[in-house]
Amino acid sequence: MKKKKLAGALLSLMVTAGIMAGCGAQKDSTSSSDNKGGGGDTIKIGANLELSGGVASYGRSIAEGVELAFEEINKEGINGKKLELVKVDNKSDAAEATNGAIKLVSQDKVTAIIGAATSTNTLAQIQVAQDNKIPLITPTGTNPAITNKGGKVNEFIFRTCFIDPFQGTVAAKFAINDLKVKKAAVLIDTSSDYSKGLASAFKKSFEKDGGKIVAEEAYVAKDTDFRATLTRIKSANPEFIFLPGYYEEVGLIVKQARELGINVPIMGGDGWDSPKLVEIAGKDALNNTFITNHYSSNDPDQKIQNFVKSFKAKYNKSPDAFNALGYDTAYFLADAIKRAGDVDPEKIKDALADTKDLSLVSGTLTLDEKHDPVKSVTILEYKDGQQQFKTKVNP
């Protein structure tokens, strides 16, 4: 989801090229059980997540979901083995994500990697995973380039979530068809691939369906005062604002927009989904706002309610979408390992690619030829600080 310090990540890759090359050569010449996390009675799975830093809420939520799933899976095991989770903290930074992937592969010798939460921190790991032939699954990285860049599929890279263009298109159709608006403003975080990707898809779909973009403004991550930008948006008289960003800035933007008397519907994507959003924006300011998301804990589907019950029993709180996608990613990987019948990462990679009709909390997962899931989008509305299930949109 984010783009930060990519130059640092590239430098890190150059510095550690010898390590990766050596590691890759070693793995090609030895058995998978000796060198790829499958020795003994355990299967080592890496988790490269944002456990601190700017978007730590996302990484911690994913980790909670993965840990709950591993506990459940290990009650029976997989092909006689237990899953062992090895976590690294990428500190919400691309260069740290690269270093974390190198550690997981070369030192911890994991069989697969889960993470990162954001697109940029996932992109920073791809070269490491590809070179060392280790499957990597991002639960929530929605940028299309993660799995498919320039028309070429990244063979060892997968995701559990839908991609930005689908999310942005659904938001546009909801604005046109459900909210009945025709004039929209777009406010974009230009430092974020995630934000730019959603905005591009939204604008294209909104205009195609007869809407008009009356204002387009920008900000960058860590900005705190948005009043001048919001005043310009207000002067354009939009009926709706599309705000694809992360909870830290989104909370402040929504709060300041309401203070300026901007009361039109505001909508964003899954990047809003953090308990801290309500703390930052205030529950009243969030009324009449909407998000596209991967699931809702209020969805009456029995599989979802079973997950919610188990999660509450362990963590004493209701699970958000990042919890659910972490949980689903663990089951997605476990299913592939079971079907592969082996801990060889290449066989697991093939099994991941062949996944069809796998029933998960966030929907039934089938991968397309680009390693992207074909699954539904849930639309949520904030009412008095609580997410309310609005509708579900199927692909």
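Position numbers for residues count from 1 along each chain, tracking the sequence in the order it is written. Totals for whole chains, interfaces and linings use every residue, but because this is a predicted model, local features are given only for residues with pLDDT of at least 70 and side-chain atom pairs only at 80 or more, for both listing and counting. To obtain the side-chain values, all non-hydrogen atoms of the structure were included, while hydrogens and water were left out.

## Digging into the overall build of the protein chain
Reasoning step 1: By definition, any uninterrupted DSSP run of H or I lasting at least four residues is a helix, any uninterrupted run of E lasting at least two residues is a strand, and each is numbered from the N terminus. Check the secondary structure of the protein chain and you find 15 helices and 17 strands.
Reasoning step 2: When contacts within the protein chain are restricted to residue pairs at least 6 apart in sequence, those whose partners lie at least 24 apart make up 70%.
Reasoning step 3: Calculation of accessible area relied on Shrake-Rupley with a 1.4 Å probe; when residues are assessed, cover is drawn exclusively from the protein chains displayed. If you sum the accessible surface of the protein chain, you get close to 15,100 Å²; carbon and sulfur atoms cover 48% of it. For this analysis, residues touch if any pair of their heavy atoms sits within 4.5 Å.

## A word on the pairing of strand β12 (residues 289-293)
Reasoning step 1: Across the 5 residues of β12, 5 count as buried, placing the element largely inside the fold.
Reasoning step 2: Pairing between two strands requires that DSSP report at least two bridges joining them. As defined by bridge partners, strand β11 (residues 266-268) adjoins β12 across 3 bridges and the pair is classed as parallel. The residue of β12 that forms the bridge with I266 is T289.
Reasoning step 3: Note on the crossover from β11 through helix α12 (residues 275-281) to β12: the handedness is right-handed.
Reasoning step 4: Where β12 and strand β16 (residues 377-383) come together, 5 bridges link them in antiparallel fashion. Across the sheet, F290 pairs through a bridge with E381, a residue of β16. Think of it in three bands: residues with accessible area under 20% of the maximum for their type are buried, residues over 50% are exposed, and the middle band is partly exposed, with areas taken using a 1.4 Å probe on protein chains only. By the criterion used throughout, a crossover qualifies as right-handed when its path from the first strand across the helix to the second strand runs clockwise, the strands pointing away from the viewer.

## Points about the pattern of salt bridges
Reasoning step 1: Think of a salt bridge as a Lys or Arg side-chain nitrogen and an Asp or Glu carboxyl oxygen that are within 4 Å of each other. In total, this model carries 19 salt bridges according to the counting rule given.
Reasoning step 2: Notably, a salt bridge pairs K255 with E259, separated by 2.8 Å at the nearest N-O pair. Of this pair, K255 and E259 are both found in helix α11 (residues 247-259), 4 residues apart, which corresponds to roughly one turn of the helix.
Reasoning step 3: Classification of E259 as partly exposed rests on a relative accessible area of 47%.
Reasoning step 4: A cluster of three or more residues bridged by salt bridges with shared partners is formed by D225, R227, K255 and E259.

## Focus: the sheet that holds strand β14 (residues 363-367)
Reasoning step 1: Overall, antiparallel pairing links the 3 strands, which are arranged β13-β14-β15 in an open sheet. Since the sheet does not close on itself, it has two edges, and those belong to β13 (358-360) and β15 (373-374), each with one partner.
Reasoning step 2: Sheet analysis places β14 next to β15, joined by 2 bridges and oriented antiparallel. Following the sheet pairing, T366 is matched in β15 by V374.
Reasoning step 3: With axes taken as lines fitted to C-alpha atoms, and helix axes fitted only over the stretch in contact, angles between N-to-C directions fall between 0 and 180 degrees. Each of β13 and β14 touches helix α14 (residues 321-340); the most contacted strand, β13, lies at about 155 degrees to it.

## What to know about the nonpolar core
Reasoning step 1: Within this scheme, the nonpolar core is defined by two criteria: the residues are buried Ala, Val, Leu, Ile, Met, Phe, Trp, Tyr or Cys, and they are joined through side-chain atoms within 4.5 Å. Ranked by internal contacts, the top residues of the largest apolar core, which has 94 residues, are F202 and W272.
Reasoning step 2: Per-element tally for this core: the top contributor is α14, with 10 residues.
Reasoning step 3: If we ignore the near neighbours within four places in the chain, the residues touching F202 are G168, A171, A172, A184, V186, I213, F240 and F242.
Reasoning step 4: In this structure, I102, L104, V110 and I126 belong to the second largest nonpolar core, which totals 15 residues.

## Quick word on unusual backbone geometry
Reasoning step 1: Here G115 and A116 are connected by a cis peptide whose omega angle stands at 5 degrees.
Reasoning step 2: Its place among the elements puts A116 in the loop between β3 (112-114) and α6 (119-123).
Reasoning step 3: Its identity is not glycine, yet K180 carries a phi of approximately 60 degrees, on the positive side.
Reasoning step 4: Tracing the sequence through the fold places K180 in the loop between α8 (164-177) and β8 (183-189).
Reasoning step 5: Judged by its relative accessible area of 62%, K180 falls in the exposed class.
Reasoning step 6: Positive phi, normally seen in glycine, also occurs at N316, with a value near 60 degrees.
Reasoning step 7: With respect to the helices, strands and loops of the structure, N316 is situated in the loop between α13 (302-315) and α14.

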